[in-house]
Structure formats: structure tokens, C-alpha cells
Amino acid sequence: MMSDLLLVAGVAVLGIAMRSVNHPVSFRVGSWVVVFASFLAGWLIAGSVIIGVLLALSWFFLPWVEILLRVRNVRLPIDRAWESRTPPSRNSFPLLDELTEEIEGEGFEHVSDIGWEDDEVRQFYRIFRDRAATTQACICVAEQGDLTFYYLTLTSRIAGGRAFHSWNYPFPYGLKFSPMMKLNRIAPGTSFLEMLGQHQEFLRAEGIADGALEVVENDHIVPSMQQDLRIHIRHNIDVGFLAKDGEDFIRYTFRGMVFLWLQFLRDTVKLF
């Protein structure tokens, strides 16, 4: 029994150590090793292959705890008031100045700082545009209680309202993008210069020439972003992932929660 415990503990420690290495292959292998350690715990310690399989599979169902306890009860406003915002403090987000310098170093100019907040979430956006005024960049900072994370976005538009959007959002995204927006997901931690190159490759792959990009003036950038969000919410209501909760709020439907879980599984498989 003691040897079985030591074996399971050793495999688990090995998996955790491999996940801590800053290399994608090591991270993926380490993830599978942790799952295998769970299987070994059920098989060797509990004495059942079935229990081992259930313990291994439990990693893929853990998101349902968060979905049922928190997401199911979330109510969000249909239309948010985006206003000028002061940047987050240096203590809560020390990278803002460094990211701003990086983006401006690639020829983008700072346009505005906007955002919104409710009881639990504060969202801040620092918006930039390139010299040609055809591509907008944004530093997006989300503060949720003690958690603060950020991601970068690049957006280019063409006539007819279609938007081509690159971002390095670090979590599985729980809503479906509308046909009016083409999304290009980029690995978290990618530098802005690399993101800009990948965004340009994305536009070329979609057959979008530089001359086809729509010029968006400074005072139209925020209204365009707000319109994108309205279309996004309307699309998710139409496909049944969101439902109205009264006149001013929306909530996840069961179908939307299943979609959120499947998004997690898809990203998990990629990581594994």
C-alpha cells in the first residue's frame, strides 16, 4: 500500500513539475501525467479500474462546478455604458505603461481610455490606432475581485460592417462570435509585434488587401466597438446561448452553459 501511495505521489509530482516548465511540449505531457496519476490513484489505491477512469475523467468535468455555482447565476446588462476611465493602479496592473510603449513603438497612437464596471467586474480598455487609421489596437484589463488579467486585440474592418479581429484572450471564450466578425486566436503571452505580424497574415489569408480596409476616425472607434458588442449579444440570443432576463439584463441558458463547457474541453485538448 505504501509503495502504491509513493508511486502515485511521484507521478503526480512529476506531472506538476513538467507543467511548470515554460515549454508547450513539457506542459502538455505534464498535463497527461497528472491525469494518469489520478487514474493510478483509483486503480492502485482504491483497487478499481473503473474508479481510476472516473477520477481521470473528473478533470474534464471540473468546469461544471464553476458553471453551476457562479455562471448560472450571472446576470449581465444588455447594453453597457462605456465611459472615460482612469487606468488601473500600478499595483493592480504594472504592465500598462510597458505595453503602451510597445504598441506606440510600432506606429500606433493612443486614442482614449474607456471602460465599464459593475458590482464585481471592472473592465478597462486603452485604445490605439495605426497611422493609416485602418487598424485599431487595444489593451484590455479585467479586474474581478482579486483576479486581474489582460489581453491584447487588433481589429480591422471592411465595407459592409465586417470586422477581422485578432486577440490573445487567455481563457476559453464562452460565447459564439457572429458571422460579422472573423476571429483569429493568438497564443497568450505573444508580443504585440508578433501579434501585429500574425494579424496581417490573417488578413492576407482572408483575401483582404490593404486598400479594402475601412478608415475609422477616432470619434467612431468606440461606437464601432459598442456596435460589435450589440451584434455579438444579439447573435448569442438568436442561437440560444443567452436569454433576456427582464428588459435590461441577459443570462446564460443551459445550452449556453453546455457550449461554455465544450469550449473549455476544446482548449483543454489543445493544451493536452
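Residues numbered from 1 in each chain as written. Predicted model: local features only at pLDDT ≥ 70, side-chain atom pairs only at ≥ 80, totals over all residues. Heavy atoms only, no water.

### Digging into the overall build of the protein
Counting its secondary structure elements, the protein contains eight helices and 10 strands. With respect to the principal axes defined by its C-alpha atoms, the protein has extents near 70 × 45 × 40 Å. Buried positions account for 43% of the 272 residues belonging to the protein. Excluding contacts between residues fewer than 6 apart, the proportion of contacts in the protein whose partners are at least 24 apart in sequence is 51%. Within the structure as shown, the protein displays about 15100 Å² of accessible surface, and the carbon and sulfur contribution to it stands at 59%. On the protein, the mean spot of the 25 positive side-chain charges and the mean spot of the 32 negative ones are 7 Å from each other. (Helix = DSSP H or I, 4+ residues; strand = E, 2+ residues; numbered from the N terminus. Buried < 20%, exposed > 50% of the residue type's maximum accessible area, 1.4 Å probe, protein only. Contact = heavy atoms within 4.5 Å. Areas by Shrake-Rupley, 256 points an atom, 1.4 Å probe, with all protein chains shown as cover. Lys, Arg positive; Asp, Glu negative; His and termini not counted. Charge placed at Lys NZ, Arg CZ, Asp CG, Glu CD.)

### A few points about the sheet that holds strand β1 (residues 76-77)
In space, the three strands of this open sheet follow the order β1-β10-β9, with antiparallel pairing throughout. Each edge of the open sheet is held by one strand with a lone partner, namely β1 and β9 (242-244). Where β1 meets strand β10 (residues 249-252), two bridges bridge the pair, whose relative direction is antiparallel. Within β10, the residue paired with P77 across the bridge is F249. (Pairing = 2+ DSSP bridges.)

### Examining a nonpolar patch on the surface
On the surface, W43, V49, V53, L57 and F61 cluster together to form a nonpolar patch covering roughly 450 Å² of accessible area. Ranked by residue count, the leading element in the nonpolar patch is helix α3 (residues 49-61), at four residues. Within the secondary structure, V53 is located in helix α3. Given the relative accessible area of 37%, V53 is considered partly exposed. (Patch = residues over 30% accessible without salt bridge, like charges linked within 9 Å, V, L, I, M, F, W, Y side chains within 5 Å. Salt bridge = Lys/Arg side-chain N within 4 Å of Asp/Glu carboxyl O.)

### Some remarks on the pattern of salt bridges
Counted under the stated rule, the structure contains 13 salt bridges. Between R75 and D245 there is a salt bridge; the shortest N-O distance is 2.5 Å. Residue R75 is located in the loop between α4 (63-69) and β1, and its partner D245 is located in the loop between β9 and β10; the two are separated by 170 residues in the primary sequence. Judged by relative accessible area, R75 falls into the partly exposed class, the value being 37%. Through salt bridges with shared partners, a single network forms among E83, R85 and E117.

### Quick notes on the nonpolar core
Core analysis: the largest hydrophobic core is formed by 17 residues, its most contacted members being W82, I114, Y125, I127 and Y151. Residues within four places of I127 in sequence aside, it is in contact with E109, H110, V111, S112, I114, A137, C138, I221, V222 and M225. Formed by 16 residues, the second largest nonpolar core is a distinct cluster that contains F128, I139, L152 and F192. (Core = buried A, V, L, I, M, F, W, Y, C linked by side-chain atoms within 4.5 Å.)

### Side note on the packing of aromatic side chains
One pass over the full model with this rule turns up 21 aromatic pairs. Summarising the aromatic geometry, the rings of W82 and Y125 are spaced 5.2 Å apart at their centres and angled 10° between planes, so their arrangement reads as stacked. In this pair, W82 is assigned in the loop between β1 and β2 (83-84) and Y125 in strand β4 (residues 121-129), connecting sequence segments 43 residues apart. Each member of the pair, W82 as well as Y125, carries the same accessibility label: buried. Connected via pairs of aromatic rings, a cluster forms that spans F149, Y151, W167, Y169, F171, Y173 and F177. (Phe/Tyr/Trp six-rings, centres within 6.5 Å; stacked < 30°, edge-to-face > 60°.)

### Some thoughts on the sheet that holds strand β8 (residues 181-185)
Here we have seven strands laid out as an open sheet, ordered β2-β3-β4-β5-β6-β7-β8, and mixed in their pairing. Looking at the sheet topology across the chains shown, the edges are occupied by β2 and β8. Packed onto the sheet, helix α6 (residues 192-205) meets β5 (135-144), β6 (147-157), β7 (163-167) and β8 and runs at close to 35° relative to β6. (Axes fitted to C-alpha atoms, helices over the stretch in contact; angles between N-to-C directions.)

### Overview of the pairing of β6
Summarising burial for β6: eight of the 11 residues are buried, a large majority. Bridge count between β5 and β6: 10 bridges; the pairing is antiparallel. Of the residues in β6, the one forming a bridge with V141 is Y150. Counting the residues in the hairpin turn of β5 and β6 gives two residues, including G145, whose phi is positive at 65°. Taken together, the five bridges between β6 and β7 define a ladder with antiparallel strand orientation. Bridge assignment links T153 to a residue of β7, and that residue is W167. The hairpin formed by β6 and β7 contains five residues between the paired strands, and G160 there has a positive phi angle of roughly 100°.

### Regarding unusual backbone geometry
Even without a glycine there, the phi angle at A133 is positive, about 60°. Along the polypeptide, A133 turns up in the loop between β4 and β5. Since its relative accessible area comes to 4%, A133 is described here as buried.

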